[in-house]
Amino acid sequence: MRINILTLFPELFGPFFSTSIVGRAVAAGLVSLRCMNFREFATDAHRSVDDRPFGGGPGMVLMCPPIVDALEDLESGEKEEPVRILLTPQGEPFTQEIAAELSSEPWLTLICGHYEGFDDRIRSVKKVREISIGDFVLSGGEPAAIVLVDSVVRLLPGALGHKESALDESFADGTLEYPQYTRPREYRGLEVPEVLLSGDHGRIAAWRLEQSLLRTAQRRPDLLDRLASGGRERKQ
Ligand code: ADE
């Protein structure tokens, strides 16, 4: 898989690209991650990428030409188009399901905004999928791009070692994960649930399923509503 990131702040991504699961996936050749600074495509002497909004108002708006020219430079001579993703609080809410969908694409281009957002015509000039990582406003799309890349790359076949599985974790089947415990068996008077020490795999699986549903009902009843109204079946 190939992921390009259009950003005014490529320096934010270095350690993220080379650390932990994403770093391992890059080293193993499962994904290629490249930043492109679209300021390189500014055309004036000041290398401007933004300007004041027509109609007045606070802040600055990212201009279309540097972003569109960067995209066209990146895509020139390629047979296929990437899935282009505009990171914006106005986008569709990001979910594990979207991460799984994107993880089977050969090529993604993420576009990180800054300031007061994009000239709206970017949405007409280029086919883009708009994604938000939550109902809050970031100073720029870069933290959102990091969130998206992390959640997508860890789903690539071979990215997780067999000790880390994507099948069991929260959201893998639309519910939250069951509680986990490790050594010591007793900590400050708190015992590990007896069933987990029983060695009875059937009982353990049943307990985990129950806990997962209980936890989801307590913390995220909206997820159960979604499952009940035709969401995917639980994998067991
Ligand atoms: N850029 C600014 N805020 C954002 C958000 N919540 N999600 C994605 N991109 C953003």
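Residues numbered from 1 in each chain as written. Predicted model: local features only at pLDDT ≥ 70, side-chain atom pairs only at ≥ 80, totals over all residues. Heavy atoms only, no water.

1. A few points about the sheet that holds strand 1 (residues 2–7)
Okay, so step 1: Ordered by their spatial adjacency, five strands build an open sheet running 2-1-6-5-7, and the pairing between neighbours is parallel. Strands with a single pairing partner mark the edges of an open sheet, and in this sheet they are strand 2 (32–37) and strand 7 (129–132). Neighbouring strand axes in the sheet, compared pairwise and without regard to direction, differ in orientation by 30 degrees on average.
Okay, so step 2: Here strand 5 (residues 83–93) pairs with strand 7 via five bridges, running parallel. Of the residues in strand 7, the one forming a bridge with L86 is E130.
Okay, so step 3: The sheet contacts of helix 6 (residues 142–153) involve strand 1, strand 2, strand 5, strand 6 (107–112) and strand 7, and relative to strand 6 the element is tilted by about 160 degrees. (Pairing = 2+ DSSP bridges. Helix = DSSP H or I, 4+ residues; strand = E, 2+ residues; numbered from the N terminus. Axes fitted to C-alpha atoms, helices over the stretch in contact; angles between N-to-C directions. Contact = heavy atoms within 4.5 Å.)

2. Regarding the site of the ligand
Okay, so step 1: Close to the ligand lie L87, T88, P89, I131, S132, I133, G134, F136, V137, L138, G140 and A144, which account for all nearby residues.
Okay, so step 2: Interatomic distance of 3.2 Å between a backbone N/O atom of T88 and a nitrogen atom of the ligand.
Okay, so step 3: Backbone polar atom of I133 to a nitrogen atom of the ligand: 3.0 Å apart, as the coordinates give it.
Okay, so step 4: For the ligand, whose accessible area on its own is 260 Å², the fraction buried by protein is 96%.
Okay, so step 5: Breaking the shell around the ligand down by element, the ones donating at least two residues are strand 5 and strand 7. (Near = heavy atom within 4 Å. Polar contact = N/O pair within 3.5 Å; in protein donor to acceptor, adjacent residues only side chain to side chain. Areas by Shrake-Rupley, 256 points an atom, 1.4 Å probe, with all protein chains shown as cover.)

3. Considering the state of the cysteines
Okay, so step 1: By the definition in use, this model includes zero disulfides.
Okay, so step 2: Between C64, a free cysteine, and C112, which holds the nearest cysteine sulfur, the sulfur-to-sulfur gap is 16 Å.
Okay, so step 3: Note on C64: relative accessible area 11%, which makes it buried.
Okay, so step 4: Between C112, a cysteine without a disulfide, and C35, which holds the nearest cysteine sulfur, the sulfur-to-sulfur distance is 7.8 Å.
Okay, so step 5: The class for C112 is buried, based on a relative accessible area of 1%. (Disulfide = S-S within 2.5 Å. Buried < 20%, exposed > 50% of the residue type's maximum accessible area, 1.4 Å probe, protein only.)

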